[in-house]
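# A closer look at the structure
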Amino acid sequence: GGTMKIEAAAIPFGEGKLIKGFLLGDTAQESHLRTLTFVKMNAEKYGINPELFKTCDFYLSAQSYESSNGPSAGIAQAVALISALTKRAVRPGWAIAGAMDTCGTWLPVGGYRAKILGTAATGINNFIIPECARPTIEALAKDLQGLNIVFAVTIDDALNLLLEPAVPVRSEETLTKYR
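Let me begin by describing the structure that accompanies this report. Since we're looking at a predicted model, the values are computed, not measured.

### Quick word on the overall build of the protein
Helix and strand content of the protein: 6 helices and 9 strands. When the 179 residues of the protein are sorted by exposure, 46% land in the buried category. Pairs at least 24 apart in sequence give 73% of the contacts found in the protein among residues at least 6 apart. For the protein, the exposed surface amounts to about 8900 Å²; the carbon and sulfur share of it is 53%.

### Looking at the pairing of strand E8 (residues 147-152)
E8 sits mainly inside the fold: 6 of its 6 residues count as buried. Both faces of E8 are covered, namely the face carrying Leu147, Ile149 and Phe151 and the face carrying Asn148, Val150 and Ala152. This β-α-β element, strand E7 (residues 126-130) to helix H5 (residues 134-139) to E8, shows right-handed connectivity.

### Considering unusual backbone geometry
For Phe13, which is not glycine, the phi torsion reads 65° and is therefore positive. Mapped onto the secondary structure, Phe13 falls in the loop between strand E1 (6-12) and strand E2 (18-20). For Lys87, which is not glycine, the phi torsion reads 60° and is therefore positive. Its place among the elements puts Lys87 in the loop between helix H3 (74-86) and strand E4 (94-96).

### Details of the side chain of Asp57
The topology assignment puts Asp57 in strand E3 (residues 56-62). Although buried, Asp57 forms no salt bridge, and the nearest oppositely charged side chain, Lys17, lies 6.1 Å from it. At 2.8 Å, the side chain of Asp57 and the backbone nitrogen of Glu15 are in polar contact. Beyond its immediate stretch of four places on either side in the chain, Asp57 contacts Ala9, Ala10, Ile11, Gly14, Glu15, Gly16, Lys17 and Ile19.

### Points about helix H4 (residues 112-120)
Where H4 is concerned, the buried positions are Tyr112, Ile116, Gly118, Thr119 and Ala120. Close packing links the buried residues of H4 with E4, strand E6 (106-107), E7, H5 and E8.

### Comments concerning the packing of H3 against helix H6 (residues 155-162)
To describe two helices that pack against each other, one gives the angle between their axes and the distance between the axes. Orientation of H3 relative to H6, taken along the N-to-C sense of each, is 50°, at an axis distance of 10 Å. It follows that H3 is oblique to H6 by the angle criterion. H3 and H6 meet at a crossing whose hand is right-handed. Facing H3, whose interface residues are Ile75, Ala78, Val79 and Ile82, H6 presents Ile155, Ala158, Leu159 and Leu162. Of the residues assigned to the contact of H3 with H6, the class counts are 8 nonpolar, no polar and no charged.

Thresholds, definitions, all that
Residues numbered from 1 in each chain as written. Predicted model: local features only at pLDDT ≥ 70, side-chain atom pairs only at ≥ 80, totals over all residues. Heavy atoms only, no water. Helix = DSSP H or I, 4+ residues; strand = E, 2+ residues; numbered from the N terminus. Buried < 20%, exposed > 50% of the residue type's maximum accessible area, 1.4 Å probe, protein only. Contact = heavy atoms within 4.5 Å. Areas by Shrake-Rupley, 256 points an atom, 1.4 Å probe, with all protein chains shown as cover. Right-handed = clockwise from strand over helix to strand, strands pointing away. Lys, Arg positive; Asp, Glu negative; His and termini not counted. Salt bridge = Lys/Arg side-chain N within 4 Å of Asp/Glu carboxyl O. Polar contact = N/O pair within 3.5 Å; in protein donor to acceptor, adjacent residues only side chain to side chain. Axes fitted to C-alpha atoms, helices over the stretch in contact; angles between N-to-C directions. Parallel < 35°, antiparallel > 145°, perpendicular 65-115°, else oblique. Left-handed = near helix turned anticlockwise from the far one by under 90°. Nonpolar A, V, L, I, M, F, W, Y, C, P; charged D, E, K, R; others polar.

As structure tokens, then:
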């Protein structure tokens, strides 16, 4: 477990193609394609000019997929790409773990304990985790002392929390602090 930095950019004078950074496997590549598809399908909702998809190429990369072939960074990739296209900064100090479908619904991934504790060791203590993983996280409560965990159902939950200007979390019951 640990952190992976996600990079996203719109590159002018393109044709709407996805340019993928270093990727090992088909699952990671599928996650990148799912991210771009979701963003294209929801461009208007997020205030993204649809013309960008005709005139730019899109770069998505994770800092490292050296030991991973999974979609665990799917939500983080979508947040990064929407941030790049809307020019809304991502609030620092947060980590996200979760895949998503093309509708923006979070899907569970494995290894939450290792991901959270490995990331917490770097000084990041705020996490956004899929609501569907709540039972797993609650079973780990004694290991997560002092960490701030927010459970989310859709990518909009993460975008509302992470992108500046930030807005409050969906509801008080969404926020769980393990103290």
